[in-house]
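# Architecture at a glance
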Amino acid sequence: MSRRSTKSSKQNRVESTMVQSRSEAIVTLTFRMIVIVLALIFALFPVLFVVSSAFNPGGQLSTQSLIPRGIESADDLLTNFRALMVEETNLWPFWSWVRNSFIVAGTSTILSVFITALAAYSFSRFRFYGRRSLLLGVLLIQVFPNLLAMVALFLIMQEIGQLAESIPQALPFLAFIDWSWLRYFGLNSLGGLILVYMGGAMGVNTWLMKGFFDSIPRDIDESARVDGATHWQIFWQLIIPLVRPILAVVGILAFVNSFNEFVLARILLRDKENWTLMVGLYNFIDSDFNRDWGKFAAGALVAATPVVILYLALQDQIVGGLTAGSVKG
């Protein structure tokens, strides 16, 4: 009888523990769901507001609601997009801004990824005098904000643009050379902005890539060297295919930063035809009494589209590159 009562009491305790653990699991799951929903609302509300502004033909914030009012037909929803892309292109060269943004972001991304990969491979595989000091110097330079270099960059770009005239005057024996190509890298030029973006993106990316390069076994290099491969063949044919995830991460970070950058582009680019998309969109909300939030939101949606597509296309490579770099770097 006592054994039966002991067994029954144990069974009751087990059932009580299971019920208690199940209730705790439900409470924990409910709390997590509430936190997730709040985080989604916090993250998606600005996006919903921009989407609503883009489809609101009024173009004003004071009279705007999340659901556009006064819509009589589907064409009214596309008023801002139609004005921005078709009807007012003589006033606002929207497609020139899009083209300039892709030229600047694409070129600076390709060049910065290639040069950064070369630098990271050198720091990872070779041992030379000053290597540690250079690495610390690169890291130290990145500590300072880019805004500190704004005045210096402006003056440098201005001087580069004037070199086309000053070089033939200072060095007459070189006057037979056409130096006008230097204007493509001076102030108010896309080439100059590409150079600035390349310099700003190489510091952190070099450290990020070096950590990934260090995770590649050196036995691969030594085996290839025994077979007679050169350093370039080892780098291009063996190492680069193994580090594609980190190349994708660095590439998309450089592209997004260059595509969305505003301050330097606003200072270095003067003419409306040379503006990037971010500088051009800012013009719609810069006026005191004629702000057009509808066109600004429509342009922001168009600008976000290539970035979202790029993230979706390379998401596997990005996650792989970030996790591998964080563990092995």
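The text that follows walks through the structure, step by step, so that each part is easy to find. Just so it is clear, the structure is predicted and the values come from calculations on it, not from any experiment.

### Some points on the overall build of the chain
On a plain count of helices and strands, the chain comes out with 14 helices and 0 strands. When the elements of the chain are put in sequence order from the N terminus, they spell out α-α-α-α-α-α-α-α-α-α-α-α-α-α. Looking at the chain as a whole, 33% of its 329 residues qualify as buried. Taking the contacts inside the chain whose residues are at least 6 apart along the sequence as the reference set, 70% of them involve residues at least 24 apart.

### A short note on unusual backbone geometry
In this structure, asparagine 188 is a non-glycine residue whose phi angle is positive, near 65 degrees. Structurally, the position occupied by asparagine 188 is in the loop between helix 6 (150–170) and helix 7 (190–214).

### Comments concerning the layout of surface pockets
By volume, the largest pocket amounts to about 610 Å³. The wall of the largest pocket is formed by 25 residues, among which Asn146, Val196, Gly199, Gly200 and Ala201 lie closest to the centre. When contributions to the lining of the largest pocket are tallied by element, the ones reaching two or more residues are helix 5 (131–143), helix 6, helix 7, helix 10 (244–260) and helix 11 (263–268). Its boundaries defined by the atoms lining it, the second largest pocket holds a volume of some 180 Å³. In terms of lining residues, the second largest pocket is bounded by Thr109, Ile110, Val113, Phe114, Ala117, Phe235, Trp236, Ile240, Leu247 and Gly251.

### Description of the nonpolar core
Counting 54 residues, the largest nonpolar core has Met209, Phe213, Val243, Phe259 and Leu277 as its most contacted members. Here leucine 277 is in contact with Phe94, Trp97, Val98, Ser101, Phe259, Gly299 and Ala303, once residues within four sequence places are set aside.

### Description of the side chain of arginine 131
Topologically, arginine 131 is positioned in helix 5. A distance of 3.5 Å separates a polar atom in the side chain of arginine 131 from the backbone oxygen of phenylalanine 126. The contact partners of arginine 131, leaving out residues within four places of it in the chain, are Phe123, Phe126 and Lys210.

### Focus on the packing of aromatic side chains
A full pass over the atoms with the stated rule returns 20 aromatic pairs. Measuring from ring centre to ring centre gives 6.1 Å for tryptophan 97 and tryptophan 275, while their planes differ by 35 degrees; the resulting arrangement is tilted. Pair noted here: tryptophan 97 is in helix 4 (residues 94–125) and tryptophan 275 is in the loop between helix 11 and helix 12 (277–282), with a separation of 178 residues, a long-range link. Aromatic side chains phenylalanine 123 and phenylalanine 128 sit 6.0 Å apart centroid to centroid with 35 degrees between the ring planes, which places their arrangement in the tilted category. Taking relative accessible area as the criterion, phenylalanine 123 reaches 9% and is therefore assigned buried. Note on phenylalanine 128: relative accessible area 35%, which makes it partly exposed.

### Here we look at the packing of helix 9 (residues 231–242) against helix 10
Here helix 9 crosses helix 10 at 75 degrees, and the two axes come no closer than 5 Å. By the angle between their directions, the pair helix 9 and helix 10 is classed as roughly perpendicular. Contact residues: Ile240, Pro241 and Leu242 in helix 9; Arg244, Pro245 and Leu247 in helix 10. Grouping the constituent residues of the contact of helix 9 with helix 10 by class yields 5 nonpolar, no polar and 1 charged.

### A word on the pattern of salt bridges
One pass over the full model with this rule turns up 5 salt bridges. For glutamate 88, the salt bridge identified is with lysine 295, shortest N-O distance 4.0 Å. Separated by 207 residues along the polypeptide, glutamate 88 in the loop between helix 3 (79–87) and helix 4 and lysine 295 in helix 13 (residues 293–313) bring together distant segments of the chain. Looking at glutamate 88, the relative accessible area reads 22%, which means it is partly exposed. On the basis of relative accessibility, which here comes to 11%, the residue lysine 295 falls in the buried class.

Rules used throughout
- Residues numbered from 1 in each chain as written.
- Predicted model: local features only at pLDDT ≥ 70, side-chain atom pairs only at ≥ 80, totals over all residues.
- Heavy atoms only, no water.
- Helix = DSSP H or I, 4+ residues; strand = E, 2+ residues; numbered from the N terminus.
- Buried < 20%, exposed > 50% of the residue type's maximum accessible area, 1.4 Å probe, protein only.
- Contact = heavy atoms within 4.5 Å.
- 1 Å grid on protein atoms, 1.4 Å probe; cavity = no way out; pocket = protein on both sides within 12 Å on 5 of 7 lines; lining within 4 Å.
- Points joined across faces, edges and corners; volume = space filled by probe spheres on them.
- Core = buried A, V, L, I, M, F, W, Y, C linked by side-chain atoms within 4.5 Å.
- Polar contact = N/O pair within 3.5 Å; in protein donor to acceptor, adjacent residues only side chain to side chain.
- Phe/Tyr/Trp six-rings, centres within 6.5 Å; stacked < 30°, edge-to-face > 60°.
- Axes fitted to C-alpha atoms, helices over the stretch in contact; angles between N-to-C directions.
- Parallel < 35°, antiparallel > 145°, perpendicular 65-115°, else oblique.
- Nonpolar A, V, L, I, M, F, W, Y, C, P; charged D, E, K, R; others polar.
- Salt bridge = Lys/Arg side-chain N within 4 Å of Asp/Glu carboxyl O.

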